[in-house]
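What follows is each chain in one-letter form.
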Amino acid sequence: LHTPPDAPDFSLSQDRIRAALWAPWPWPQPNANAILHGDYWPGNVLWHDGQLISVIDWEDAAFGDPLADLANSRLEVLWAFGEAAMQLFTATYCAANPQLDLAALPYWDLVAALRPCNKIGDWGLAPATERIVRQSHRVFVDTALGIR
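A brief look at the structure comes next. The shown structure was predicted, so the numbers you read here are calculated from the model rather than taken from an experiment. (Residues numbered from 1 in each chain as written. Predicted model: local features only at pLDDT ≥ 70, side-chain atom pairs only at ≥ 80, totals over all residues. Heavy atoms only, no water.)

Let us look at the nonpolar core. Residues I17, L21, L67, W108, L110 and F140 are the most contacted members of the largest nonpolar core, which totals 29 residues. Taken together, the elements giving at least two residues each to this core come down to α1 (14–22), α2 (66–81), α3 (83–96), α4 (105–114) and α5 (127–144). With eight residues, α2 is the single largest residue contributor to this core. Ignoring sequence-local partners within four residues, the contact set of I17 consists of L12, L110, A113, L114, C117, H137 and V141. (Core = buried A, V, L, I, M, F, W, Y, C linked by side-chain atoms within 4.5 Å. Buried < 20%, exposed > 50% of the residue type's maximum accessible area, 1.4 Å probe, protein only. Helix = DSSP H or I, 4+ residues; strand = E, 2+ residues; numbered from the N terminus. Contact = heavy atoms within 4.5 Å.)

In structure tokens, the structure reads:
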């Protein structure tokens, strides 16, 4: 957040995201710190016979608000499976963690949405897939900003 890019990615609303994240800085953290995976998404979860057997790729692990991992996962599930799956994932996560204060989830959604800015074009996606990713990212950002 403290190091803005030379050229903001306006196609992913990077300017709006940065402005919204900067306004309340530093954000209060009502949730207790937890171990964060840092890149928790369906590609880093291994299943066998319907059972979770491993979570891999821990190089971004840290301590912090568990909403950070939830937000990143929400965006990744949105991209992989759509909005209904993201909502179901969120509801399931929240039901398993009823002690969490969710008031800061829009903030963490914006943090997650900032990560792919200036990068999506380098992911090698087919044009139609990239269009869908960008469209769903916009909906995700607009929702976090309270526009949708």
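Our focus in this paragraph is the environment of P42. Residue position: P42 is located in the loop between β1 (34–36) and β2 (45–48). Measuring from C-alpha to C-alpha, the distance between P42 and S73 comes to 7.9 Å, with 31 residues separating the pair along the chain. With residues up to four places along the chain from it excluded, the contact list for P42 reads E76, V77 and F81.

Direction of pairing for β2 relative to strand β3 (residues 51–55): antiparallel, over a ladder of four bridges. Note on β3: the bridge partner recorded for L46 is S54. Connecting the antiparallel pair β2 and β3 is a turn made up of two residues, with D49 showing a positive phi of about 50 degrees. (Pairing = 2+ DSSP bridges.)

What the rule picks out here adds up to four salt bridges. With a closest N to O distance of 2.7 Å, R16 and D142 form a salt bridge. Linking R16 in helix α1 with D142 in helix α5, this pair joins segments that are 126 residues apart in sequence. Owing to a relative accessible area of 25%, R16 belongs among the partly exposed residues under this scheme. The buried category is assigned to D142, whose relative accessible area is 13%. Residue R134 pairs with E130 through a salt bridge whose shortest N-O separation is 2.9 Å. Placement of both R134 and E130 in helix α5 is noted, with a separation of four residues, approximately one turn of the helix. Accessibility expressed as a relative area gives 18% for E130, which makes it buried. Within this structure, R16, R138 and D142 form a network of salt bridges that share partners. (Salt bridge = Lys/Arg side-chain N within 4 Å of Asp/Glu carboxyl O.)

Applying the stated rule across the entire model yields three aromatic pairs. Pairing W79 with W123 gives two aromatic rings, centres 5.6 Å apart and planes at 80 degrees, and the pair type is edge-to-face. Of the two residues, W79 sits in helix α2 while W123 sits in the loop between α4 and α5, which places them 44 residues apart along the sequence. A relative accessible area of 40% means that W123 is categorised as partly exposed. Ring centres of F89 and Y93 lie 6.3 Å apart, and the angle between their planes is 35 degrees; on these two criteria the pair is classed as tilted. In this pair, F89 and Y93 are both assigned in helix α3, four residues apart and thus about one turn of the helix distant. Classification of Y93 by relative accessible area gives partly exposed; the value is 22%. (Phe/Tyr/Trp six-rings, centres within 6.5 Å; stacked < 30°, edge-to-face > 60°.)

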